[in-house]
Amino acid sequence: MEIYDLTIHELHDKLKTGEVSAVEATSAMLDRIETVEPQIGSFITVAPEQALADAAAADRRIAAKDIDLLTGIPLALKDIFLTEGIRTTCGSKILNNFVPPYSATSFEKLKQAGAVLLGKLNQDEFAMGSSNESSAYGCTRNPWDQTRIPGGSSGGSAAAIAARQATATLGTDTGGSIRQPASHCGCVGLKPTYGRVSRYGVIAYASSLDQVGPLTRDVTDSAIMLAAVAGHDPKDSTSVDVAVPDYLAALTGTIKGLRIGLPKEYYIAGLDADVQSAMNSAIETYRRLGAEFVDISLPHTDYAVATYYLIATAEASSNLARYDGVRFGHRTENADNLLEMYCKSRSEGFGAEVKRRIMLGTYALSAGYYDAYYVKAQKVRTLIMRDFIQAFEGVDVILTPVAPTPAFRIGEKTNDPLQMYLSDIFTIPVNLAGTCGISVPAGFSADGLPIGLQLIGKPFGEETILRAAHAFEQATDWHMKRAPL
Amino acid sequence: MKITAANVEHVARLARLELSDEEKNLFAGQMDAILAYVEKLKELDTDGVLPTSHAVPMENAFREDVTEPPIGTEKALANSPDRADAFYRVPQIIE
């Protein structure tokens, strides 16, 4: 077992006893990054000097017996998190030279715990995409099959776990951007409840949906990372002041009597056969563990993708208005007046998918269409939320696939945006409802590609989905498999 | 629903984007397909349904009105593409 194979809790044990130093752990990670990065492309920026300085500071803390679970643990962040003094691009050319003047609260919390930042991870441009193909810095490749996408938009965050380039990572999830890449890369990905984690210093895509969460090797690490970043932040008025429970204590290993809902709208005829069979065996495992199954219905599931692509693009068109070439980011060299400067700076800086979503969102908000598209979508969102409220009256968690198929091939869906959007059909409803969901390794396709299951919880029900995910992990060994690298 | 290149041009102007002819044609076709797909929302009767703009019910999020140290001019200007003294410089606005 190499250092880069370890989970947070395993590495923590070695750091605590002095068997491994934080500098050794970070050096091992940096070497690993150098070795596999040419094949995978998980990173946009690696920060070795900063990382080694962080690690040396962690070793001083450990020597003084001041050790937290994350002290000395080498982490990496999606390039959507502002990191003071370290370039942050959000996967876009428009922020190619942007060095943030302050840091995201979630990053500050990890730093205070003594974690080490290895660098910034590749992603779809402004988190808009399901494959990492919209990144201006090249598509990350799936460590399980390098001809395939890692998923998106937190593709680098998932690939870095599968390729053993970081012990844990943070991503963001607006319509599935943590859970779907976690499923495609065989790691654990948690999207917490809307408001659970501060978004201060996280570059905004769709503000009523965006949420921060961890991608990790196992469920225990997911609980550790969530505990580190969760909680109310006075700097984020949408973060909610709900007490942060002891997530590690929730991992009891027993789920006897847990009521699991199976929504009929998610187990559809078109589901990939390998995904269906992974779900069948997951249901069997849960039955053996003492769970009870309840057939439920989420009747508006089929409307979620349409609802999402109106709400998310409308919010994006507004959020991305700030990229005007005035205060930061790319400014064109060919403008004679202010309007030309705006238009050319934006058009030179944004990629095709970002332009497409800004266009769609602007259209949905424009005079004459606002009620028919944007307000209509907000009303359907209410119906989708009601579906979940009703379903949770009879069940504790909902079990579904994460994605309808395993990872698709690079280039397979780039010419058909609608097909790409439909690949998020099982993850989007969770964001619209504002609740939490976790992706857990649950098997492999005939081609050897990872398949994840999704557990959806009640709002602020992270303890329950973590407990259910952990029990599944204890009963299976899918999370122990390693990508062939 | 048929999105034309002229529609695309109008929306691009609202969004402060300058698109090539190739992009205009591509986006016209793709927006047309996506908007045709979202038409399915019209199947649902939403009379009397309140729109949701935020997933978690919240009261006004106020804080104490206490002054905190600002980020400072130098930090705020550090990323500016063009500056003059303590200002961002932009092309002439008033003729």
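Residues numbered from 1 in each chain as written. Chains lettered and ligands numbered in written order. Predicted model: local features only at pLDDT ≥ 70, side-chain atom pairs only at ≥ 80, totals over all residues. Heavy atoms only, no water.

Going by an unreviewed UniProt entry, chain B carries the name Aspartyl/glutamyl-tRNA(Asn/Gln) amidotransferase subunit C and comes from Pelotalea chapellei. Its UniProt record gives chain B a comment under Sequence similarities (unreviewed entry), which states: "Belongs to the GatC family." Of the comments in the UniProt record for chain B, the one headed Subunit (unreviewed entry) reads "Heterotrimer of A, B and C subunits." (UniProt positions renumbered as here; feature names shortened; annotations may be inferred.)

Going by an unreviewed UniProt entry, chain A carries the name Glutamyl-tRNA(Gln) amidotransferase subunit A and comes from Pelotalea chapellei. Regarding chain A, the relevant UniProt record gives this comment under Function (unreviewed entry): "Allows the formation of correctly charged Gln-tRNA(Gln) through the transamidation of misacylated Glu-tRNA(Gln) in organisms which lack glutaminyl-tRNA synthetase. The reaction takes place in the presence of glutamine and ATP through an activated gamma-phospho-Glu-tRNA(Gln)." Annotation of chain A in UniProt includes, under Subunit (unreviewed entry), the sentence "Heterotrimer of A, B and C subunits."

Undergrad: What am I meant to see in the packing of helix α8 (residues 273–288) of chain A against helix α15 (residues 462–475) of chain A here?
TA: Between two packed helices, both the angle of their axes relative to each other and the distance between the axes serve to describe the pair. Residues and elements named next belong to chain A. Packing of α8 against α15 brings their axes to within 10 Å, and their N-to-C directions diverge by 100°. In this view, α8 runs roughly perpendicular relative to α15, as classed from their interaxial angle. In contact with Ala282, Thr285, Tyr286 and Arg288 of α8, α15 contributes Ala468, Ala469, Phe472 and Ala475. Each residue belonging to the contact of α8 with α15 can be placed in one class, and the counts come to six nonpolar, one polar and one charged. (Axes fitted to C-alpha atoms, helices over the stretch in contact; angles between N-to-C directions. Helix = DSSP H or I, 4+ residues; strand = E, 2+ residues; numbered from the N terminus. Parallel < 35°, antiparallel > 145°, perpendicular 65-115°, else oblique. Contact = heavy atoms within 4.5 Å. Nonpolar A, V, L, I, M, F, W, Y, C, P; charged D, E, K, R; others polar.)

Undergrad: Can you help me understand the UniProt feature "domain: Amidase" (unreviewed entry) in chain A in this one?
TA: The UniProt record marks residues 24–466 of chain A with the feature "domain: Amidase" (unreviewed entry), using the residue numbering of this structure. Secondary structure over residues 24–466 of chain A splits into 37% helix and 14% strand, and the C-alpha atoms at its two ends are 31 Å apart.

Undergrad: Before we go on, may I ask you to explain the pairing of strand β7 (residues 259–263) of chain A in this structure?
TA: Along any regular strand, the residues point their side chains to alternate faces of the sheet. Residues and elements named next belong to chain A. In terms of residue burial, β7 counts as a mostly covered element, since four of its five residues are buried. When β7 meets strand β8 (residues 292–296), the two strands line up parallel, connected through five bridges. Residue Arg259 lies in a different strand from β8, and its bridge partner there is Glu292. With two bridges connecting them, β7 and strand β9 (residues 397–401) associate as parallel partners. By the bridge assignment, Ile260 is partnered in β9 with Val397. (Buried < 20%, exposed > 50% of the residue type's maximum accessible area, 1.4 Å probe, protein only. Pairing = 2+ DSSP bridges.)

Undergrad: Teacher, can you tell me more about the layout of surface pockets here?
TA: To find leftover empty space, a probe the size of one water molecule is rolled over the atoms. Residue and element names in this part refer to chain A. Its boundaries defined by the atoms lining it, the largest pocket holds a volume of some 540 Å³. Around the largest pocket sit 25 residues that line it, and Leu82, Tyr102, Gly201, Ile203 and Arg322 are the ones nearest its centre. Of the residues that constitute the lining of the largest pocket, the class distribution is 14 nonpolar, four polar and seven charged. In the lining of the second largest pocket, the residues fall into seven nonpolar, three polar and six charged. (1 Å grid on protein atoms, 1.4 Å probe; cavity = no way out; pocket = protein on both sides within 12 Å on 5 of 7 lines; lining within 4 Å. Points joined across faces, edges and corners; volume = space filled by probe spheres on them.)

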